[in-house]
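Okay, here's what each chain looks like letter by letter:
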Amino acid sequence: MIYSSPLPDIEVPDATLTEYVLGGAERYGDKTALVDGRTGESLTYAGLRAAVDAHAAGLASLGVGPGDVVALLAGNQPRYAVAVHAVLSTGAAITPVNPVLTLPEITKQLLASGAKALITADEVVDKAREAATATGIQHVLPLSELPAGDTPPRPRLDPATTVAVLPFSSGTTGTAKGVQLTHRNLVANLAQQRAGWRIGPDDVQAAVLPFFHIYGFTIILNSGLLGGATVVTLPRFELREYLRTLERHRVTRAYFAPPMVLALATAEGVEDHDLSSLRYALCGAAPLDIDVTERAERRLGCLIRQGYGMTEASPGTHQVFDDAFTTTPPGCVGKLSPNTEARLVRPGTDEDVPPGEPGELLVRGPQVMLGYLGNAEATASAITDGWLHTGDLVRVDEDGNFWIVDRLKELIKYKGYQVAPAELEAVLLTHPDVTDAAVVGVPHAEGGEAPKAYVVASRPVAAEDLMAFVAGQVAPYKKVRSVEFVSEIPKSPTGKILRRVLKGTSG
Ligand code: AYL
């Protein structure tokens, strides 16, 4: 049984991401494209177009071009968009890096992606230089000093086969892998989103969720620029500053991850702000509680509905449609995007579940990645006959709304960020007193879910010491937040950790 979108198929434009997203830039001319919510510094559409062309020329003169990968280590700011589209205009791909990663984590991504240059936010330039030295990268380019030139390159690219963005995701198992998203994948997803979530020049988008994650990149930044909206950037979520930004810039569309909705539902002072400009709010990246949603909706005076997808799908596969905002029940993740099909199968099999029953969601569409970089085996287990395995247990109701029931895959989501248990287990196993370890996600008030380690120790060791040991090596959002000592890690006959058994026993 194959489910399809209620919307008619759309034509995917045959263009590169930059051609598509900035195609209207001339038309929007003096309109503000991006504003730094902190400093007020802004860039018009004409200014964005000109900066992209100038820096594309500068990057090309350094030798950046088709087949290359450029890393971008930065938080949200208007120049982020300039860097992305300048790099893409040379024909190279971007690998977005989270600036809170530790030096070894950054180094690992730079090596895995084969990055040739590193563009960095001015605040983290020292860390960037160290990472570049460790990996032999020659060019470290601060965002405020990108090279400029006169003649923008005009590479001939095939959108269907040229990788544009290389984010890292652990998918359903193992550690982070480079996700090859082509120009066509991203253009398709923007066009799909646009068929139902219609951002226009009158919209103002609050962009606090990171552009280095695919949600911020596609759904917030590039969707906004494509629609001719104004994108207001903030580098991190601080409630007061966020509320002031919504009010000051008369934001019409807000984008949340669940912890933001929780903060808006519970914190003091939300009602002191005039949020009457807000028309639509979208939440995605992790499960969202219905009660919390309704409390936040009452305070914001605006409905909140969900999007769903994954990095490997550029990311959107399910969405809410503007004209169905009020009729879409809270709690579901919406309906299938145009050109997108779904199947629900018994986990681990290719067998459809009976209608109405939950099954593992498989999705197919033009937004599904080319594959994992240099990892044919992982690609082959993630995508079979064009069907991407999501690792999510899902049901669909009679109206075609999809509901997430559970997450079957290993992945832990802390505040919507990916945490790969395999990565933390590998760190724990390097501790001299640890003989075996398994990490699972357990409920966490602020993060939604957080890593808990089950550890077999060879001699007495304090839980705090183990947590500090891990914390010293990983980004803060990946920290192990509780430890339980056990005599043995439950495993299958083939040696696979039985995480469901551990989850079932954890309080
Ligand atoms: P990744 N509810 C529950 N779980 C979700 C949801 C949701 N609304 N959205 C994403 N997930 C989980 O690669 C799910 O387990 O991409 C999924 O497989 O970081 C995993 O997160 C993918 O994590 C939008 C708005 C997509 C946001 C997103 C988030 C993409 C996160 C489309 O319109």
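Everything numeric here is computed off the predicted structure, so don't read it as measured data. (Residues numbered from 1 in each chain as written. Predicted model: local features only at pLDDT ≥ 70, side-chain atom pairs only at ≥ 80, totals over all residues. Heavy atoms only, no water.)

## Examining the site of the ligand
Looking at the ligand, there are 23 residues lining it, with His213, Thr311, Asp392, Lys409 and Lys413 nearest. Alanine 285 places a main-chain nitrogen or oxygen 3.2 Å from a nitrogen atom of the ligand. Within the backbone of glycine 307, an N or O atom sits 2.9 Å from a nitrogen atom of the ligand. If the ligand stood free it would expose 660 Å²; the protein chains cover 99% of that surface. Residue assignment for the shell around the ligand shows that the elements contributing at least two residues are helix 8 (214–227), strand 16 (308–309), strand 23 (387–396) and strand 24 (402–407). (Near = heavy atom within 4 Å. Polar contact = N/O pair within 3.5 Å; in protein donor to acceptor, adjacent residues only side chain to side chain. Areas by Shrake-Rupley, 256 points an atom, 1.4 Å probe, with all protein chains shown as cover. Helix = DSSP H or I, 4+ residues; strand = E, 2+ residues; numbered from the N terminus.)

## A short note on the sheet that holds strand 28 (residues 448–457)
Across the sheet, three strands lie side by side as 27-28-29; this open sheet has mixed pairing. At either margin of the open sheet sits one strand with a lone partner, and together these are strand 27 (434–444) and strand 29 (482–485). Taking each pair of neighbouring strands and ignoring which way they run, the sheet shows an average axis angle of 25 degrees. In this structure, strand 27 lies alongside strand 28, joined through 10 bridges in antiparallel fashion. Paired with glycine 441 across the bridge in strand 28 is proline 451. (Pairing = 2+ DSSP bridges. Axes fitted to C-alpha atoms, helices over the stretch in contact; angles between N-to-C directions.)

## A few points about the side chain of threonine 218
Within the fold, threonine 218 resides in helix 8. Since its relative accessible area comes to 1%, threonine 218 is described here as buried. Leaving out residues up to four positions away in the same chain, threonine 218 has contacts with Leu186, Asn189, Leu190, Ser223, Ser314 and Pro315. (Buried < 20%, exposed > 50% of the residue type's maximum accessible area, 1.4 Å probe, protein only. Contact = heavy atoms within 4.5 Å.)

## Focus: the sheet that holds strand 18 (residues 335–336)
Spatial strand order, 16-17-18: three strands in an open sheet with antiparallel pairing. With one partner strand each, in any of the chains shown, strand 16 and strand 18 form the two edges of the open sheet. Sheet analysis places strand 17 (residues 316–319) next to strand 18, joined by two bridges and oriented antiparallel. Following the sheet pairing, glutamine 319 is matched in strand 18 by lysine 335.

## A look at the nonpolar core
Ranked by size, the top nonpolar core spans 157 residues in total, and within it Leu48, Leu225 and Phe256 carry the most contacts. Those residues in contact with leucine 225, other than ones at most four positions away along the chain, are Val21, Ala33, Leu34, Tyr45, Leu48, Ala81 and Val231. In this structure, Ala438, Val440, Tyr454 and Ile489 belong to the second largest nonpolar core, which totals eight residues. (Core = buried A, V, L, I, M, F, W, Y, C linked by side-chain atoms within 4.5 Å.)

## Focus on the UniProt feature "domain: AMP-dependent synthetase/ligase" (unreviewed entry) in the protein chain
UniProt records the feature "domain: AMP-dependent synthetase/ligase" (unreviewed entry) for residues 25–373 in the present numbering. Taken end to end, residues 25–373 comprises 32% helix and 22% strand; its first and last C-alpha atoms sit 32 Å apart. (UniProt positions renumbered as here; feature names shortened; annotations may be inferred.)

## Considering the packing of helix 7 (residues 183–194) against helix 8
It is the contact of helix 7 with helix 8, at a shortest axis distance of 10 Å, that shows an interaxial angle of 70 degrees. For the element pair helix 7 / helix 8, the angle class is roughly perpendicular. The chirality of how helix 7 crosses helix 8 is right-handed. Contacts between helix 7 and helix 8 involve Leu186, Asn189, Leu190, Gln193 and Arg194 on the former and, on the latter, Ile214, Phe217, Thr218, Ile219, Asn222, Ser223, Leu226 and Gly227. (Parallel < 35°, antiparallel > 145°, perpendicular 65-115°, else oblique. Left-handed = near helix turned anticlockwise from the far one by under 90°.)

## Let's talk about the side chain of glutamate 297
In this fold, glutamate 297 is placed in helix 11 (residues 290–300). By relative accessible area, which is 11% here, glutamate 297 ends up buried. Polar side-chain contacts of glutamate 297 include one of 2.8 Å to the side chain of arginine 305. Other than its neighbours up to four places away in sequence, glutamate 297 contacts Cys302, Leu303, Ile304 and Arg305.

## Concerning the pattern of salt bridges
Under the defined criterion, the tally for this structure stands at 26 salt bridges. Notably, a salt bridge pairs aspartate 406 with arginine 500, separated by 2.8 Å at the nearest N-O pair. Within this pair, whereas aspartate 406 is found in strand 24, its partner arginine 500 is found in helix 15 (residues 499–505), the two being separated by 94 residues in sequence. For arginine 500, a relative accessible area of 45% translates into the label partly exposed. Across the pair aspartate 433 and arginine 459 runs a salt bridge whose closest N-O atoms are separated by 2.9 Å. (Salt bridge = Lys/Arg side-chain N within 4 Å of Asp/Glu carboxyl O.)

## So, the pairing of strand 7 (residues 139–142)
Of the two faces of strand 7, the one carrying His139 and Leu141 and the one carrying Val140 and Pro142 are both buried. Direction of pairing for strand 6 (residues 117–120) relative to strand 7: parallel, over a ladder of four bridges. What sits directly across from isoleucine 119, in strand 7, is leucine 141. At this point the chain moves from strand 6, through helix 6 (residues 125–135), to the parallel strand 7, and the crossover so formed is right-handed. (Right-handed = clockwise from strand over helix to strand, strands pointing away.)

## Focus: the packing of helix 10 (residues 258–266) against helix 11
The relative placement of two packed helices comes down to the angle between their axes together with the axis-to-axis distance. Between helix 10 and helix 11, whose axes approach to 8 Å, the crossing angle comes to 60 degrees. Relative to helix 11, the element helix 10 is oriented oblique. Between helix 10 and helix 11 lies a crossing of left-handed hand. Listed contacts from helix 11 to Val261, Leu262, Leu264, Ala265 and Thr266 of helix 10 are Val292, Thr293, Arg295, Ala296, Arg299 and Leu300. Looking at the contact of helix 10 with helix 11 residue by residue, the class counts come to seven nonpolar, two polar and two charged. (Nonpolar A, V, L, I, M, F, W, Y, C, P; charged D, E, K, R; others polar.)

## Some remarks on the environment of lysine 127
Mapped onto the elements of the fold, lysine 127 is located in helix 6. For lysine 127, a relative accessible area of 24% puts it in the partly exposed group. Each C-alpha atom of the pair lysine 127 and isoleucine 106 lies 9.1 Å from the other, and the pair is 21 residues apart in sequence. Not counting residues up to four positions away in its chain, the partners in contact with lysine 127 are Pro99, Val100, Leu101, Leu103 and Ile106.

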